[in-house]
Amino acid sequence: MGAGIAGLLLGSRLFSDVILFDRRRVFGKKCTGIISRHTFERLGVSKEYIDAPFDTIKISVGKDSVFIKTNIIRLNREKLERDLAENLKVLHPTSVNLINEHCVGTNVESFCGKVILATGWQGRARWVKAIEEEKEPINEDFISVFLDKRNPAGFSWIVPLGDRTLVGAISYSDPRLFVPHIDKRRIGIHGGIIPRVKPKKVTLGYIGDSTGLIKTFTGGGIFSIARLLEPVQNWLVYDKDYSSELKLLSKEVSRQYLMTSILEKTWDISLKSIKLLKDRTFHINNEFDLHSLLFKRLFSN
Ligand SMILES: Cc1cc2nc3c(=O)[nH]c(=O)nc-3n(C[C@H](O)[C@H](O)[C@H](O)COP(=O)(O)OP(=O)(O)OC[C@H]3O[C@@H](n4cnc5c(N)ncnc54)[C@H](O)[C@@H]3O)c2cc1C
């Protein structure tokens, strides 16, 4: 159920008799698409879907900045989703309901087999709003992130790509207030809402945001998709249990949830602490995905 990036990637690894259902008419969701190189490699897709590599993120609080040296890429997920959908049997626009563990149904028909839920998050969460503008290109080769004391636990960004620039913000309030200004013509705009989920017991048979295993602060969901693709595939084909991988991910996201809650409550002080680190450069690797390690890295140096 669901032919977003999670359903499509999993479907492309499975048998020819897999059927995906999606209520959308058009495939190819727009999002910032920033993921670690490691996450990209786990997706197992061609390098043609890398729009741009980045090795620097500049994080600014007012006039003060710290620099993150890392290895990340911008995924062209719009094209990836469109290409995957073309080569799979996707019934759409078709809304389906879960009838029982083994069957899904439309208004007129039911389909039985092994059911995987890739429907996006459907439970309770603290939702943050996101908005992103596509503007004409700028001549920069690093990602800028801005933290603002008026936007607790939110942030805004500028991502320069070859053919355009992504300029956006997430916030509990109105994200439009925090979108950085660049003096370039707007080509497009899109948005969405991002769930901040405290993981509960995660069961087998889910992939993507439907698991709730989403990086709490940034809303990045592609990281857990990459981690779960092979385990879910092995579960479907060989009945191999992957509870231990789920537990690991759940533990990490629980830590991120706790840390984000603390950040929300101590936002002013946290920003002042970042200012104390101004002009410093930090090298981060797996901390890009495992944020719980990131905070340790920043403040233990
Ligand atoms: C502005 C923005 C920027 C983002 N940037 C990043 C980023 O830089 N890096 C990152 O890792 N993540 C990012 N994300 C998060 C990322 O987009 C999600 O983690 C990702 O889309 C999750 O994929 P999914 O396939 O699980 O869910 P979705 O993409 O939500 O797909 C679920 C699909 O299921 C379908 N569906 C649901 N219910 C039914 C039903 N009953 N019947 C039929 N179809 C159904 C929906 O139509 C949908 O197509 C961003 C999100 C936003 C909004």
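Let us look at the structure shown here. (Residues numbered from 1 in each chain as written. Predicted model: local features only at pLDDT ≥ 70, side-chain atom pairs only at ≥ 80, totals over all residues. Heavy atoms only, no water.)

What follows concerns the side chain of Glu287. Tracing the sequence through the fold places Glu287 in the loop between β14 (281-283) and α7 (291-300). Residue class for Glu287 comes out buried when judged on its relative accessible area of 6%. (Helix = DSSP H or I, 4+ residues; strand = E, 2+ residues; numbered from the N terminus. Buried < 20%, exposed > 50% of the residue type's maximum accessible area, 1.4 Å probe, protein only.)

With that settled, consider the pattern of salt bridges. For the structure on display, the rule yields 23 salt bridges. Across the salt bridge formed by Lys30 and Glu78, the nearest N and O atoms sit 3.7 Å from each other. With a gap of 48 residues between them, Lys30 in the loop between β1 (19-21) and β2 (34-36) and Glu78 in helix α3 (residues 77-86) connect regions that are remote in the sequence. With relative accessibility at 36%, the residue Lys30 sits in the partly exposed group. Between Arg255 and Glu252 there is a salt bridge whose closest N-O contact spans 3.9 Å. Of this pair, Arg255 and Glu252 are both found in helix α5 (residues 243-265), 3 residues apart, which corresponds to roughly one turn of the helix. (Salt bridge = Lys/Arg side-chain N within 4 Å of Asp/Glu carboxyl O.)

Turning next to the packing of aromatic side chains. Tallied over the entire structure, the rule returns 5 aromatic pairs. Geometrically, the ring pair formed by Phe155 and Trp157 is tilted, given 5.5 Å between the ring centres and 50° between the ring planes. Overall, Phe155 belongs to the buried group, its relative accessible area being 11%. A relative accessible area of 7% places Trp157 in the buried class. Here the aromatic residues Phe155, Trp157, Phe217 and Trp267 are joined through ring pairs into a cluster of three or more. (Phe/Tyr/Trp six-rings, centres within 6.5 Å; stacked < 30°, edge-to-face > 60°.)

Another point: helix α6 (residues 267-276). The set of residues buried in α6 consists of Trp267, Ser270, Leu271 and Ile274. Looking straight down α6, one finds its buried side chains confined to an arc of 100°; they lie on one side. Opposite the buried face of α6, by more than 90 degrees, sit the exposed residues Ile269, Lys272 and Leu276. (Arc of directions from axis to C-beta.)

So, to be careful, I would describe these as geometric facts and stop short of saying anything about function.
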